Amino acid sequence: MRKLTIAFAADWAPIRNFASPMTAAPEGFYHDLLSVLRQCDYRIVNLESPLSNAPTIIKSGAAFSGVPDAAQALKQVPFDAALLANNHTFDCGDEGFRDTIDALRKNGIAHAGAGEDIEEARRELVIEKNGLRVAVFTLSEGEDEKSAGTGRPGVRPWEVDELSREIRSRKKEFDFVIVSAHCGLEYQPYPSFYVWKAFRKLARSGADLIVGHHPHVPQGMTCFGRKPVFFSLGNFGFYQPTDLLYRKIGFMLRIEVTEKRKPKIEKVPYRIAEDGLHLLGGKELKSFESNFEELSKPLKDESSARSAWHAVLAYGNVAGFRKELELILKNFDDNPAKGAAMLRNRLLCPQHNTQWRDGLERIIDGTISNAPAEYVEMVERYHTRTVEFPTPASDPKFKQ
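Residues numbered from 1 in each chain as written. Predicted model: local features only at pLDDT ≥ 70, side-chain atom pairs only at ≥ 80, totals over all residues. Heavy atoms only, no water.

> I'd like a description of the pairing of strand β6 (residues 125–129), backed by residues and values.
Strand direction decides the pairing type here: β6 and strand β7 (residues 132–140), joined by five bridges, are antiparallel. Within the sheet, the bridge partner assigned to Ile 127 lies in β7 and is Val 134. Hairpin remark: β6 followed by β7, antiparallel, with two residues in the connecting loop; positive phi at Asn 130, about 55°. (Pairing = 2+ DSSP bridges. Helix = DSSP H or I, 4+ residues; strand = E, 2+ residues; numbered from the N terminus.)

Right under this line is the structure:
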């Protein structure tokens, strides 16, 4: 029987404290996770940084840049493909994007999710191996107006209806269809409700598996029919200067596709330490699985998924919206271009637009605090619980 195993990993960026270990000793960076990666037939990662020496752009959030030689750190694993439909691919502008493509090509790494125009950005990754044919379609919110267009470089935009039609029309070309989606509000335990609805639509259109990333923390999963959906894998090779627990753990997917039986999909949880990635075991693994089960419970139906999203809004409450407004106004005073980029993103990007629209409506009608207590507690846990393994915030290695 024909079989193909695929490793799917989320956010990877050769930046901050990980820039040196990734490039100096890439095999050692993955520790006991390396053997899991190498046992798979094909490896995919979300490349969350340009590989370029070009200057970074002014944008709403942080702008990243990794050196072109960092592509060798992907090759040595080896990762076979890098997905580029995310909010950092164009952090060094069009020049940086082209440098990234050159670096990937020189190292024999395929890519998908961004292009010189909309047609190229929409082009799927096709895996043909072991007698099976798998497609990976990508989707991104195109933050900071970096979506591709006619004659305009960019990432594949948030066009759920267009992708749904494409999957329906082309489903028979492939043995298995994966959708990789970079979307949702960062650092929250529950997906934005528009993401939940979008993933349901894509599953009903024929996608066999949907994988989300961008929140930088692990979120739960559900099944729409028989189609598994993972809302966020959390960070992978992505360093954040914090000791908050859920930004320091994540999981990879091991996907086993066969020609006959239902695909087998396994979570591979790990922790993100100062020296790289380590598989979870013992109490850490049990704690992860218990938390993941709790995260997934409200995602089974529309009503509870909406309530979980309302818990995110309730935790921030009126004070959270005011604080964000004050931050934007401060940037307008200190750096008008930065302030303008932040406000533009709140108006146009789905994750922020829906947060503000839904939050303001609930402030107006007096329901901003109305959410199930256990869901609000989970949101609080994500914003306050710190790591139990040694990565203290006072460590001088923590730096921006």
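Read on for the rest.
> Could you give me a rundown of helix α5 (residues 93–106), with the residues and numbers involved?
Counted at 1.5 Å a residue, the expected span for α5 with its 14 residues is 20 Å, and the 20 Å between its end C-alpha atoms agrees. Residues of α5 that are buried: Gly 93, Gly 96, Phe 97, Thr 100, Ile 101, Ala 103 and Leu 104. Angular distribution of buried residues about the axis of α5 spans 165°; they occupy a single face of the element. Residues of α5 that are exposed and angled more than 90 degrees away from the buried face: Arg 105 and Lys 106. Looking at the buried residues of α5, the elements they touch are β2 (42–47), α4 (71–75), β3 (81–83), β4 (110–112) and β5 (114–115). (Expected span 1.5 Å × (residues − 1). Buried < 20%, exposed > 50% of the residue type's maximum accessible area, 1.4 Å probe, protein only. Arc of directions from axis to C-beta. Contact = heavy atoms within 4.5 Å.)

> With reference to specific residues and values, describe the packing of helix α11 (residues 336–348) against helix α12 (residues 350–364).
For any two helices packed against each other, one specifies the inter-axial angle together with the distance between the axes. For the pair α11 and α12, interaxial distance at closest approach is 5 Å and the crossing angle is 75°. Put simply, α11 runs roughly perpendicular to α12. On the side of α11, the interface is formed by Asn 345, Arg 346, Leu 347 and Leu 348, while α12 contributes Pro 350, His 352, Asn 353 and Trp 356. Residues belonging to the contact of α11 with α12 are distributed by class as follows: four nonpolar, three polar and one charged. (Axes fitted to C-alpha atoms, helices over the stretch in contact; angles between N-to-C directions. Parallel < 35°, antiparallel > 145°, perpendicular 65-115°, else oblique. Nonpolar A, V, L, I, M, F, W, Y, C, P; charged D, E, K, R; others polar.)

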